[in-house]
Amino acid sequence: MKIAIHDGNGWNKRWIQYVKDNNIPYILVDCYSNDIISILKNNYVTHLMWHFSHNLPTDIFMARNILFSAQQSGIKVYPDINSSWHFDDKVSQKYLLECIEAPLVPSHVFYDENKALEWAKIVDYPKVAKLRRGAGSYNVKLLKNNKEANKYIKEMFRIGIKPSPGYLADVKTKMKVAGSISGVVKRLKKAPKFFKMVYQSKKGFPKEKGYVYFQDFIPDNTCDYRIIVVNSKVYGMKRMVREGDFRASGAGLFDYSEIDENIINIARNMANKLNMLSVAFDFVIDNNNEPLIVEISYGFGTEGSSKVKLYWNEHNEKTLGTIDAPYEVITGFLTNDFL
Ligand SMILES: Nc1ncnc2c1ncn2[C@@H]1O[C@H](COP(=O)(O)OP(=O)(O)O)[C@@H](O)[C@H]1O
Ligand SMILES: [Mg+2]
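Just so you know, these numbers come straight off a predicted model, no measurement behind them.

Conventions and cut-offs
Residues numbered from 1 in each chain as written. Chains lettered and ligands numbered in written order. Predicted model: local features only at pLDDT ≥ 70, side-chain atom pairs only at ≥ 80, totals over all residues. Near = placed C-beta within 6 Å. Helix = DSSP H or I, 4+ residues; strand = E, 2+ residues; numbered from the N terminus. Nonpolar A, V, L, I, M, F, W, Y, C, P; charged D, E, K, R; others polar. Domains from an automatic or database assignment. Expected span 1.5 Å × (residues − 1). Buried ≥ 20, exposed ≤ 12 C-beta atoms within 10 Å, placed from the backbone. Arc of directions from axis to C-beta. Contact = placed C-beta atoms within 7 Å.

Quick notes on the site of ligand 1
In step 1: Every one of the 22 residues lining ligand 1 counts as a neighbour, but Gln215, Asp224, Arg247, Ala248 and Ser249 are closest to it.
In step 2: Broken down by secondary-structure element, the contributors of at least two residues to the shell around ligand 1 are β6 (127-130), β12 (278-285) and β13 (291-297).
In step 3: Of the residues contributing to the shell around ligand 1, the split by class is 11 nonpolar, 6 polar and 5 charged.
In step 4: Two domains share the shell around ligand 1, each providing at least three of its residues, namely domain 2 (92-216) and domain 3 (223-331).

Right, dumping it as structure tokens:
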């Protein structure tokens, strides 16, 4: 066995530490290199790991080309095709979740302006419009009536909408969540990283155009539910919506009270059907108290979720303790049958 790990940030760093600590044979690779395939072959690599990011346009552009090609040649890869072909693409997720009969929020996609405009005439409002890509609620908006929907549809088919956030996106919420002076200082320290991400994203991601994606608006949610299934362990937290808003993602307002077992079970069940070693679900709850999925991702932020003090283990037993998601990924990847 020899693992190749992409020499990058995020979970990659944690995995590199893990293989060093456990004397597992590894090489660090630059997956952007022109020679990456021959490097993998010449080093007899059996496993390839790359925590590629939705924030990096280059990763979204080409990471899966490398991973899936390596998978085809018999190398075990993380994330694999099942886990990541639909990553950062809510429209792909709609088809996939419909296929496995997941409880998806009723979702509607159009690739023709006139068909979309016809549909927009006859539906109830509000509706939620989403770009297929994005995080932190930046590309999710509420359309209150037919007039707003028409404007949105025309923009998406004629001009397109940039998927990158603005430099000052969400500044009010961020400062509010920061609270104290020390919180604000901590926040400000993160600012250069955020600005760099926005800069790269503005430069690299083209406008989204030529389709529209809507979901029915599920009203009266004061939070969404971020439920994570990783290496057969399940845990989650509530994320509170911003004041005067319906959107939770990206606000950083976490609530760690215990999650209803019903949502935990749905998430486990769906992760099994999806055949994903790691998956984060975002749920909202409808008026009949049914949890409905709004999106899924193989990779996810761990800042809030690593503090959840309760999880359901592989035997679905409630267990006290926190989960280190990247650790679960590498141990699960090296020991179980997920390809
Ligand atoms: N159909 C919906 N009805 C009600 N609220 C929604 C719906 N879809 C998303 N939301 C809210 O908006 C937030 C952002 O939506 P999401 O699809 O998760 O996008 P992002 O990729 O930006 O996280 C969610 O955290 C949730 O609070
Ligand atoms: Mg989300």
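As for helix α10 (residues 261-274)
One turn of the α-helix equals 3.6 residues, which is why residues spaced by three or four share an orientation.
In step 1: For α10, built from 14 residues, the straight-helix expectation of 20 Å at 1.5 Å per residue is met to within 8% by its first-to-last C-alpha distance of 20 Å.
In step 2: Within α10, the full set of buried residues consists of Ile264, Ile266, Ala267, Met270, Ala271 and Leu274. For α10, the angular spread of the buried residues around the axis is 165 degrees, confining them to a single face. Looking at α10, the residues exposed on the side facing more than 90 degrees away from the buried face are Glu261, Asn262 and Asn272.
In step 3: Where α10 is buried, its residues contact α4 (81-84), β9 (223-230), β10 (233-240), β12, β13 and β14 (310-312).
In step 4: Asparagine 275 sits one or two residues past α10 and shows a positive phi near 60 degrees.

Observations concerning the environment of valine 229
In step 1: The topology assignment puts valine 229 in strand β9.
In step 2: Valine 229 sits in the buried class, given 26 other C-beta atoms within 10 Å.
In step 3: For valine 229, the residues in contact, after removing those within four places along its chain, are Val234, Ala267, Arg268, Ala271 and Val279.

Purely geometric numbers; function is a separate question.
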